[in-house]
Amino acid sequence: MDFSLWPAASRTWTEILEGAEYAERTGWHGVWIADHFMQNGDDLSVPVNEALALLAGLAARTERVRIGSMVLGNTYRHPAVVTNWAATMDQLSGGRFVLGLGAGWQVNEHEVYGIELPPVKQLLARFEEACQVVRGLLAEDRFTFDGTYYQLTGAPLEPKPANLPILIGASGEKVALRIVARYADEWNHWGLPEVARHKGEVFRSHCETIGRDPSEVRRSTQAMIEIIDAGDTEAEARRDKLVAAGRPTVMGTAEYVLDTLAWYSEAGIDELLIPDAFLGTGNQRFEALERLREEVLVKL
């Protein structure tokens, strides 16, 4: 597996850049940024930096790591505009950018900003059209599309990107994974290894239905991952809080983390993302990441 860093957008630009520079310097595969405008909770005072600006800055300030969006919300980003932006990101990054797309889901940011969040059936139908728009603009000189939600007439996309993989973030088994099977180069979802194994089986069935080889789609996932020492009551309390909140969590001794992460590879995962949101600040964050890298990641 490859390992990538997911810096929290709530960190300052300096902290996010330092994280990306650390990842580049120490051999991580990529750096991913989430696309939200606010925290998913009641505390609206927590700062959240805008994803597109962060991604452009990281593309310009790094040289080796892949840069990706995890994932751009379709409800508030028109697919034709997104594709034009992504084509420029391909240039900024020297072909290292991955365009991560999602249907949109976070209720509170839609409510406070007055952005429509349709019912699930409509949300996914709209997202599937958006995927068609992105693919059409990338493939054709002038793209025309007459959908229920999007209409384009002879739309250009110039210059075309040299290399622009499309990642779709999705976990819904009936419709969303069918969309992944049809349109994605890469696929991401949250979950522990047993979830990854199950989702992979569902995904393969969708691929079989449309005649696509599932191995063509690169798979990634993430969980809250950290080495903690037995008897560290503060870290154990933090782990228990994350688990109680429903967060996929792999926190324990180095041996436990190593054994658990090995199961991801067996479940078909190609890339594991490490969120840093709960790893502390300053040197504490880098000490946790470096311990994870030295005691676990280099052994996988």
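The preceding data block contains the structure.
Residues numbered from 1 in each chain as written. Predicted model: local features only at pLDDT ≥ 70, side-chain atom pairs only at ≥ 80, totals over all residues. Heavy atoms only, no water.

Got a minute to help me understand helix H10 (residues 282-295) in this structure?
Three- or four-residue spacings in an α-helix give side chains the same orientation, since the helix completes a turn every 3.6 residues. Look at H10: 21 Å from first C-alpha to last across 14 residues, which is about the 20 Å you get at 1.5 Å a residue. Taken together, the buried positions of H10 are Arg-285, Phe-286, Ala-288, Leu-289, Glu-290, Leu-292 and Arg-293. Those residues of H10 hidden inside the fold are in contact with strand S1 (2-6), helix H1 (13-25), strand S11 (224-227), helix H9 (254-266) and strand S13 (271-275). (Helix = DSSP H or I, 4+ residues; strand = E, 2+ residues; numbered from the N terminus. Expected span 1.5 Å × (residues − 1). Buried < 20%, exposed > 50% of the residue type's maximum accessible area, 1.4 Å probe, protein only. Contact = heavy atoms within 4.5 Å.)

What exactly am I supposed to notice about helix H6 (residues 176-183) here?
Among the eight residues of H6, six are classified as buried, and the element is accordingly described as predominantly covered. Considered for burial, the residues of H6 that qualify are Ala-176, Leu-177, Ile-179, Val-180, Ala-181 and Tyr-183. On its buried side, H6 packs onto helix H5 (120-139), strand S8 (166-169), strand S9 (186-190) and helix H7 (193-210).

When you look at the environment of Ala-170 in this model, what are you seeing that I'm missing?
As for its position among the elements, Ala-170 is in the loop between S8 and H6. Here Ala-170 falls in the buried class, since its relative accessible area comes to 11%. Spatially, the C-alpha atoms of Ala-170 and Ile-269 are 15 Å apart, while their sequence positions differ by 99 residues. Leaving out residues up to four positions away in the same chain, Ala-170 has contacts with Ala-176, Leu-177, Val-180, Trp-187, Asn-188 and His-189.

Sorry, what's going on with the packing of helix H3 (residues 79-93) against H5 here?
Between two packed helices, the angle of one axis relative to the other and the distance separating the axes together describe the packing. Between H3 and H5, the shortest axis-to-axis distance is 9 Å and the interhelical angle comes to 40 degrees. Looking at the two axes, H3 sits oblique to H5. With respect to the hand of their crossing, H3 and H5 are arranged in right-handed fashion. Residues Pro-79, Ala-80 and Thr-83 of H3 pack against Ala-130, Val-133, Val-134, Leu-137 and Leu-138 of H5. Partitioning the contact of H3 with H5 into residue classes produces seven nonpolar, one polar and no charged. (Axes fitted to C-alpha atoms, helices over the stretch in contact; angles between N-to-C directions. Parallel < 35°, antiparallel > 145°, perpendicular 65-115°, else oblique. Left-handed = near helix turned anticlockwise from the far one by under 90°. Nonpolar A, V, L, I, M, F, W, Y, C, P; charged D, E, K, R; others polar.)

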